[in-house]
Amino acid sequence: MVVARFLGVFHVPQVSYFSSCACLSNKKEFPTFLRTMPSDLFQVKALVQLVQHFNWTWVGVVAGDDAYGRGGAQFFAEEVQKLGACVAFYALIPKNHAAAAMSYLVSRIQSSGATVVLVFAVEQDATALFDIALRQGLTGIQWLASEAWSTASVLSTPLRYHPILLGSMGFAIQQGHIPGLQNFLLRLHPSNSDADPFLPMFWEEVFGCSLETWTNITEGGGMGICSGSEELSNVRSIYSDVSQLRISYNVYKAVYAIAHALRAFRSCVTGAQPSVFQSCSSTGRIQPWQLLQYLKQVHYSNSFGDETRFDENGDPAAMYDLVNWQLGQDGQIKFVTIGHFYEISALGKPQLWIQEGNIVWNGNQNTVPISVCSSICPPGTRKAIRPNHPRCCYDCVVCGAGEFSNQTDAVECLHCLPEFWSNVERTACIAKRVEFLSFSDTMGMILLTMAVLGSLCTVTVVFIFTCHRSTPIVRANNSELSFLLLFSLTLCFLCSLTFIGRPSQWSCMLRHTAFGIIFVLCMSCVLGKTIVVLMAFRATRPGSSAMKWFGPMQQRAIITLCTLVQVIICIAWLTVDPPTPRRLMPRESDRIILLCDEGSAVGFSLVLGYIGLLASLCLILAFLARKLPDNFNEAKLITFSMLVFCAVWAAFVPAYISSPGKYTVAVEIFAILASSYGLLICIFAPKCYIILLRPEKNTKKHIMSR
C-alpha cells in the first residue's frame, strides 16, 4: 500500500497480481492502482453464500492480526449476520504466535460449540494455528479457508496436518491454463540459458549434482558432476507442476493487460481516441499517466475465453474456484474443484455453484456437518431467544393449546381458527370436538334414569290412588286436583328428557316452552289445592258459603286461567325471538359447545318469573294454612314441598351461571328433577304411607279429628 500511494503521487500505474485488500479499491487514496486479483469483498461474499447454502448458523471466525485478516473477517461477520446466522466467536492470531495466546485461542474454538470455523489469515498465521491445534488434539472442525491459504502447499503437503485439514474447503483464485508454459519450463537447460544466474543453482538443487562452473562452490559438498543429460521432464518438482496455476495466472493476465495497453498506444489514431487523450503522442514515448488511461480501457479475452478488464475501482471481475482438500491415491492432499463463484452471473447478481456430491467433509465424511447454536426446532414448537445470547441461540418452546406450527424453526405459533383446535403434536389444526349432553354420556344416562324413575314413581302413585280412590284420604281436598297434579308431575319428569340430545331448532323451542307450561300447570294445581284447604276450613264455620264460591268449576277455571297466561307468554316469546341452537367456540377450549340460546332474555325471564310468582303465592298461602285445626292438614305438606321447590330454584341460578358447557344443561335438568321429586315426595309420600301401611288412619273420623 505504501508503494501504491507513492506511485499515485506521480501518476505511475501499478498492476498487482496478489494484493486483495478491499482498501485498495479506494481511488482517492490509490488513484493509479489496478489489479488482476479480486478484492477481498468478493471473497467474503462467496464465503457468506457458502455458509448460507449449507445452513450453518453458528460459525467461528479466526483472523490474522493484519489488514488482510481483520478487514476480511470483520466484513464476513457483518454480512453473515445480515442473513440470520451468528458468529460463535471472533479471535485474532497474534503476529508473534505466543504459545499462551494460541493455546487460549484453540480453547475458545473447543468451547464455542461451533463445528464450522473460518480462518481468514495468511498461510504463516494459519500454520501456527494448526500446529497448536494438533498439539491440543482439536478435531471435528470443518475448516473454511480464505484465499490466502486455501491452496497452500505448506499445509497440504506435510502428513501431520492431514487428520485435521482433510475435507477443508475454501475459495481460491480461479485456476488458469497458460498455453506453452510447461513446455517452456521443461526446455530450460544450463547449456542454453547462460543469461539466467538462478538456473545453475536451481539445477544443482533439483538433480543433486554439480555443474563445472560451480565446482568451486560445491566442492567438498559430496555431489558428483552433472553429466549434461539431465532433463526436467524426468523429475517431478513443484517448479514444473502447472496444475495449480492461480497466482501465476494473475501474473499472466497482468502482463497481457499492460501489453494490450501498449499496443493500443502504438495503434493510436488522432481523433479516434477517448477525449481524455486529446491527441496521440508525437514522440512515440508514452507517459505514465497515458499508460494508466489505456490500462483502464483494456478489455480483452484470451485464447481460452477468460475475459480481462478493470472496473471503475481498478478491480477485475471476481471469479473463484471452490476447492476441497481430498486425499489422493498417492496419499497426498489434492485440491479438487467442487464449485465456482462468479461476481456477475447471467442473472446479473453473484452466483455460487456447488457440486455437493463431490465433497468430502472433515473426517472423511460424506454428510454435511451441522453447525448450530441450538438444534432445529421441530414442527409444533417455536423459537424462544435466550436472554443475553445471540439470536441463533434459542430454546424450542411447545406451542400453546389452540396454536400450531407446521414448519421447522418457526418464529411464532399460529392460532387455529375458532372452530379448530391444535392436535397433540401441535403441528396442525383439527376440528374441535362437539360437546352437548347426550343420552350416551354417563351424566346423560344418570339423568335419564332419574327422569324415568320419577315418572314410574308418579305412575305408581296414580295406580295406588286409583285403587283407593274411594278412601277419605284420596277424596280429601279434591281428588281431581290430586290426579291432575300427578299427571303434571309425570310431564315434569318427562319434559326433562327434551333437554338431553343434540340441540335443534325444534328441540330448543320445545324444551323451554314445555318446561314453562308444564311447571305452571303443576304450580296451578298446588295453588288450587292450597286454596281448597283454606276454603274448606272457612266452610266449617257457621253461616259460611265459601265452598259455594270455590267449587270444582272454579278450581278448574283458576288452573286453566293460570296455565293460559303462561301459554300466551310462550307464544309471544316464540313469535318475537324464539330459542335457537347456538355454537359456543371459546378460543381457550378444545370443544364446541352446542346449546340452546334462550333468544329473548325478556321472554325467558317472564317464563321463569311467572313460575316463581305462582310458587311464592303457593308458599305464602300454605304457610298461612299450616296451623289450621285438622288431623291431616295438607297445607303442611304443601308448605314443605314449596320450601324444597323454592330452595332448588334459588340454588339453580348461581349454579346455572357458573357451570361450563353441557353442565349448564345438566344443572337445569337436575333442578327440574329435584323440584319434581320434592313435590312428589312431600305431598304424596305421606298419603301413600297411610294408604299402604297405616290403613286404620285412612278414615273420615281420623282425618276430621283434631
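Given the structure is predicted, the values throughout are model-derived calculations rather than measurements.

**Some remarks on the overall build of the protein**
Step number 1: A count of helical and extended segments in the protein gives 22 helices and 23 strands.
Step number 2: Counting the 706 residues in the protein, one finds 46% classified as buried.
Step number 3: Of the contacts formed within the protein by residues at least 6 apart in sequence, a portion of 67% connects residues at least 24 apart.
Step number 4: Here the protein has roughly 35,200 Å² of accessible surface; of this, 60% comes from carbon and sulfur atoms.

**What to know about the environment of tyrosine 104**
Step number 1: Position of tyrosine 104 relative to the elements: it lies in helix H4 (residues 99-112).
Step number 2: Relative accessible area serves as the criterion here: at 55%, tyrosine 104 is assigned to the exposed category.
Step number 3: Put simply, tyrosine 104 and isoleucine 132 are 28 residues apart on the chain and 10.0 Å apart in space, counted from C-alpha to C-alpha.

**Quick notes on the nonpolar core**
Side chains that are nonpolar tend, in soluble globular proteins, to be buried together.
Step number 1: Core analysis: the largest hydrophobic core is formed by 69 residues, its most contacted members being Met523, Met642, Phe645 and Phe684.
Step number 2: Looking at this core, the elements that each hand over two or more residues are helix H13 (442-467), helix H14 (472-475), helix H15 (479-495), helix H16 (505-539), helix H18 (552-576), helix H19 (601-624), helix H20 (634-658) and helix H21 (662-693).
Step number 3: The contacts of methionine 523, once residues within four sequence positions are left out, are Ile611, Leu614, Ala615, Cys618, Met642, Phe645 and Leu679.
Step number 4: Formed by 39 residues, the second largest nonpolar core is a distinct cluster that contains Phe89, Met102, Ala128 and Leu138.

**So, the sheet that holds strand S23 (residues 591-597)**
Strands in a sheet are paired, the pairing made by backbone hydrogen bonds, and the direction either parallel or antiparallel.
Step number 1: Here three strands make up an open sheet; going across it, the order is S21-S23-S22 and the pairing mixed. On the outer flanks of this sheet lie strand S21 (433-435) and strand S22 (580-584), each paired with one strand and no other. Neighbour-to-neighbour, the strand axes of this sheet turn through a mean angle of 30 degrees, independent of strand direction.
Step number 2: By the bridge criterion, three bridges tie S21 to S23 in an arrangement that is parallel.

**Regarding a nonpolar patch on the surface**
Step number 1: Taken together, Tyr17, Phe18, Val251, Val255 and Tyr256 make up a surface patch of nonpolar side chains, about 450 Å² in accessible area.
Step number 2: Looking at where valine 255 falls in the secondary structure, it is placed in helix H11 (residues 247-266).

**Topic: the packing of H4 against helix H5 (residues 123-135)**
Step number 1: Where H4 contacts H5, the axes come no closer than 9 Å and their chain directions differ by 70 degrees. What the angle tells us is that H4 and H5 run roughly perpendicular. Within the contact between the two elements, H4 uses Met102, Ser103, Leu105, Val106 and Ile109 and H5 uses Ala128, Leu129, Ile132 and Ala133.
Step number 2: When grouped by side-chain class, the residues that make up the contact of H4 with H5 number eight nonpolar, one polar and no charged.

**A closer look at empty space enclosed by the protein**
Step number 1: Overall, the coordinates contain four cavities of 30 Å³ or more when judged by the stated rule.
Step number 2: Roughly 70 Å³ of internal volume is contained in the largest cavity.
Step number 3: Taken together, Thr36, Pro38, Ile173, Gln174, Tyr249, Asn250, Lys253, Pro316, Ala317 and Met319 make up the lining of the largest cavity.
Step number 4: No other element matches the three residues that H11 contributes to the lining of the largest cavity.
Step number 5: Class assignment of the residues belonging to the lining of the largest cavity gives a composition of six nonpolar, three polar and one charged.
Step number 6: Counted as a void, the second largest cavity has a volume near 50 Å³.
Step number 7: When residues of the lining of the second largest cavity are assigned to their parent elements, the largest contribution, three residues, is made by strand S11 (residues 307-309).

**Details of H19**
Along an α-helix, residues three or four apart share an orientation, since each turn contains 3.6 residues.
Step number 1: The terminal C-alpha atoms of H19 lie 34 Å apart, and with 24 residues this matches the ideal 34 Å at 1.5 Å per residue to within 8%.
Step number 2: If you check which residues of H19 are buried, you get Gly603, Phe604, Val607, Tyr610, Ile611, Leu614, Ala615, Cys618, Leu621 and Ala622.

**Description of unusual backbone geometry**
Step number 1: In this model, histidine 97 sits at a positive phi of 50 degrees, which is unusual for a non-glycine residue.
Step number 2: For histidine 97, the position within the fold is in the loop between strand S4 (86-93) and H4.
Step number 3: Judged by relative accessible area, which is 30%, histidine 97 ranks as partly exposed.
Step number 4: Residue arginine 426 is not a glycine yet carries a positive backbone phi of 60 degrees.
Step number 5: Here arginine 426 shows up in the loop between strand S19 (420-422) and strand S20 (429-431).
Step number 6: On the accessibility criterion, arginine 426 (19% relative accessible area) is buried.

**Description of the pairing of S22**
Step number 1: The sheet contact formed by S22 and S23 spans five bridges and is antiparallel. The residue of S23 that forms the bridge with proline 581 is cysteine 596.
Step number 2: Taking the residues that link successive antiparallel strands as the turn, the S22-S23 hairpin has six residues.

**A look at the pairing of strand S3 (residues 58-64)**
Step number 1: Counting buried positions along S3 gives seven out of seven residues, so the element sits mostly inside the fold.
Step number 2: Every second residue of S3 is oriented toward a common face, with Trp58, Gly60, Val62 and Gly64 on one face and Val59, Val61 and Ala63 on the other, all of them buried.
Step number 3: Crossover handedness for the path S3 to helix H3 (residues 67-82) to S4: right-handed.
Step number 4: Pairing geometry for S3 and strand S5 (residues 116-120), over five bridges, is parallel. Paired with alanine 63 across the strands is phenylalanine 120, a residue of S5.

**Considering the environment of isoleucine 500**
Step number 1: Mapped onto the fold, isoleucine 500 is located in the loop between H15 and H16.
Step number 2: Excluding anything up to four places from it in sequence, isoleucine 500 contacts Leu437, Ser438, Phe439, Gly444, Leu447, Leu448, Arg511 and Ile669.

**Remarks on the packing of aromatic side chains**
Step number 1: All told, the structure shown has 25 aromatic pairs when counted by the stated rule.
Step number 2: Between phenylalanine 54 and tryptophan 361, the ring centres sit 5.0 Å apart and the planes meet at 90 degrees, which makes this aromatic pair edge-to-face. Here phenylalanine 54, found in the loop between helix H2 (40-53) and S3, pairs with tryptophan 361, found in the loop between strand S14 (351-354) and strand S15 (381-385); they are 307 residues apart in sequence, far enough to count as distant.
Step number 3: What makes phenylalanine 54 buried here is its relative accessible area of 7%.
Step number 4: Residues phenylalanine 130 and tryptophan 143 carry aromatic rings whose centres are separated by 5.0 Å and whose planes lie at 80 degrees to one another, so their mutual orientation is edge-to-face. A residue pair is termed long-range when its members are at least 10 positions apart, and phenylalanine 130 in helix H5 and tryptophan 143 in strand S6 (residues 142-145) qualify at 13 residues. We note that phenylalanine 130, like tryptophan 143, is buried.
Step number 5: Three or more aromatic residues joined by ring pairs make a cluster, and in this case those are Phe499, Phe515, Phe519, Phe645, Trp649 and Phe652.
Step number 6: Here the guanidinium or amino end of lysine 383 rests over the ring plane of tyrosine 394, the centre of that ring lying 4.9 Å away.

**Topic: the confidence of the model for the protein**
Fine structural detail should not be taken from predicted coordinates in areas where pLDDT scores are low.
Step number 1: Averaged over all residues, the pLDDT of the protein is 84; the fraction at 70 or higher stands at 89%.
Step number 2: Contacts from residues 214-220, a stretch scored under 50 in pLDDT, to residues over four places away or in other chains number nine contacts.

Procedures and definitions
- Residues numbered from 1 in each chain as written.
- Predicted model: local features only at pLDDT ≥ 70, side-chain atom pairs only at ≥ 80, totals over all residues.
- Heavy atoms only, no water.
- Helix = DSSP H or I, 4+ residues; strand = E, 2+ residues; numbered from the N terminus.
- Buried < 20%, exposed > 50% of the residue type's maximum accessible area, 1.4 Å probe, protein only.
- Contact = heavy atoms within 4.5 Å.
- Areas by Shrake-Rupley, 256 points an atom, 1.4 Å probe, with all protein chains shown as cover.
- Core = buried A, V, L, I, M, F, W, Y, C linked by side-chain atoms within 4.5 Å.
- Pairing = 2+ DSSP bridges.
- Axes fitted to C-alpha atoms, helices over the stretch in contact; angles between N-to-C directions.
- Patch = residues over 30% accessible without salt bridge, like charges linked within 9 Å, V, L, I, M, F, W, Y side chains within 5 Å.
- Salt bridge = Lys/Arg side-chain N within 4 Å of Asp/Glu carboxyl O.
- Parallel < 35°, antiparallel > 145°, perpendicular 65-115°, else oblique.
- Nonpolar A, V, L, I, M, F, W, Y, C, P; charged D, E, K, R; others polar.
- 1 Å grid on protein atoms, 1.4 Å probe; cavity = no way out; pocket = protein on both sides within 12 Å on 5 of 7 lines; lining within 4 Å.
- Points joined across faces, edges and corners; volume = space filled by probe spheres on them.
- Expected span 1.5 Å × (residues − 1).
- Right-handed = clockwise from strand over helix to strand, strands pointing away.
- Phe/Tyr/Trp six-rings, centres within 6.5 Å; stacked < 30°, edge-to-face > 60°.
- Lys NZ or Arg CZ within 6 Å of the ring centre and 35° of its normal.
- pLDDT = per-residue confidence, 0-100.

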